[in-house]
Amino acid sequence: MDRFADFLRRQIDIDLELLRWVREDAESGTSRGCFITIIRGFRECELKARLLRVHQWCGQGSGPCDQVGDAFPPEDERGCTTRALLGLPYSDRPGYAHRWRP
Ligand SMILES: [Zn+2]
């Protein structure tokens, strides 16, 4: 299951790095980046990271979805529906496994 969580963390890190480049270009005046879009992007990354943190143990017996009986079995790398949905925006990126689709 860690492979899926590692994939998600890596994608969030990639998004953060891309946002930093856009922000730097906008701040230096080399491009006309929209600061509202950049701020929203950072907030969305924070949301995804927080959700992943809350659901990091789902499917291993001690996550919130395990407590309510809504986690996937341990052999399912996704852990729970929330984690599976977090991966959906990254389904076109290299490394995403089709079986991770919600
Ligand atoms: Zn969960």
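Looking at an unreviewed UniProt entry, one finds the protein chain named Transposase, with Saccharopolyspora taberi as its source organism.

(A) Broad picture of the overall build of the protein chain. When its secondary structure is counted, the protein chain shows four helices and zero strands. Seen in sequence order, the protein chain has helices and strands lined up from the N terminus as α-α-α-α. Overall, the C-alpha framework of the protein chain stretches about 50 × 25 × 15 Å when taken along its three principal axes. When each of the 102 residues of the protein chain is scored for burial, the buried share is 15%. Of the contacts formed within the protein chain by residues at least 6 apart in sequence, a portion of 41% connects residues at least 24 apart.

(B) Layout of the environment of Arg53. The topology assignment puts Arg53 in helix H2 (residues 35–54). Residues Arg53 and Arg9, spaced 44 residues apart in sequence, show a C-alpha to C-alpha distance of 9.8 Å.

(C) Here's a closer look at the nonpolar core. Within the largest apolar cluster, five residues are counted, these being Phe4, Ala5, Leu8, Leu86 and Trp100. In terms of residues, this core owes the most to one element, helix H1 (residues 2–28), which gives three residues. Residues contacting Trp100, with those up to four places away along its chain left out, are Phe4, Glu77, Arg78, Ala84 and Gly87.

(D) Region of interest: the packing of H1 against H2. For the pair H1 and H2, interaxial distance at closest approach is 10 Å and the crossing angle is 160 degrees. Comparing their axes, H2 and H1 come out roughly antiparallel. Note on packing geometry: the crossing formed by H1 with H2 is left-handed. Counting all contacts with H1, which are made through Ala5, Leu8, Arg9, Ile12, Asp15, Leu16, Leu19, Val22, Arg23 and Ala26, the residues of H2 involved are Phe35, Ile38, Gly41, Phe42, Cys45, Lys48, Ala49 and Leu52.

(E) Quick look at the environment of Thr82. For Thr82, the location among the structural elements is in helix H4 (residues 81–87). Between the C-alpha atoms of Thr82 and Cys58, which are 24 residues apart in sequence, the distance is 9.4 Å. Ignoring anything within four residues of it in the chain, the contact list for Thr82 reads Leu51, His55 and Cys65.

(F) Spatial organisation of the confidence of the model for the protein chain. For the protein chain, the average pLDDT comes to 93, and 99% of its residues sit at 70 or higher. No element of the protein chain has a lower mean pLDDT than H1, at 94, and none a higher one than H4, at 97.

(G) Up close: H1. Counted at 1.5 Å a residue, the expected span for H1 with its 27 residues is 39 Å, and the 39 Å between its end C-alpha atoms agrees. All of the buried residues along H1 are Phe4, Ala5 and Leu8. On its buried side, H1 packs onto H2 and H4. Once H1 finishes, Gly29 follows within two positions and takes phi at roughly 85 degrees, a positive value.

About the thresholds
- Residues numbered from 1 in each chain as written.
- Predicted model: local features only at pLDDT ≥ 70, side-chain atom pairs only at ≥ 80, totals over all residues.
- Helix = DSSP H or I, 4+ residues; strand = E, 2+ residues; numbered from the N terminus.
- Buried ≥ 20, exposed ≤ 12 C-beta atoms within 10 Å, placed from the backbone.
- Contact = placed C-beta atoms within 7 Å.
- Core = buried A, V, L, I, M, F, W, Y, C linked by C-beta atoms within 7 Å.
- Axes fitted to C-alpha atoms, helices over the stretch in contact; angles between N-to-C directions.
- Parallel < 35°, antiparallel > 145°, perpendicular 65-115°, else oblique.
- Left-handed = near helix turned anticlockwise from the far one by under 90°.
- pLDDT = per-residue confidence, 0-100.
- Expected span 1.5 Å × (residues − 1).

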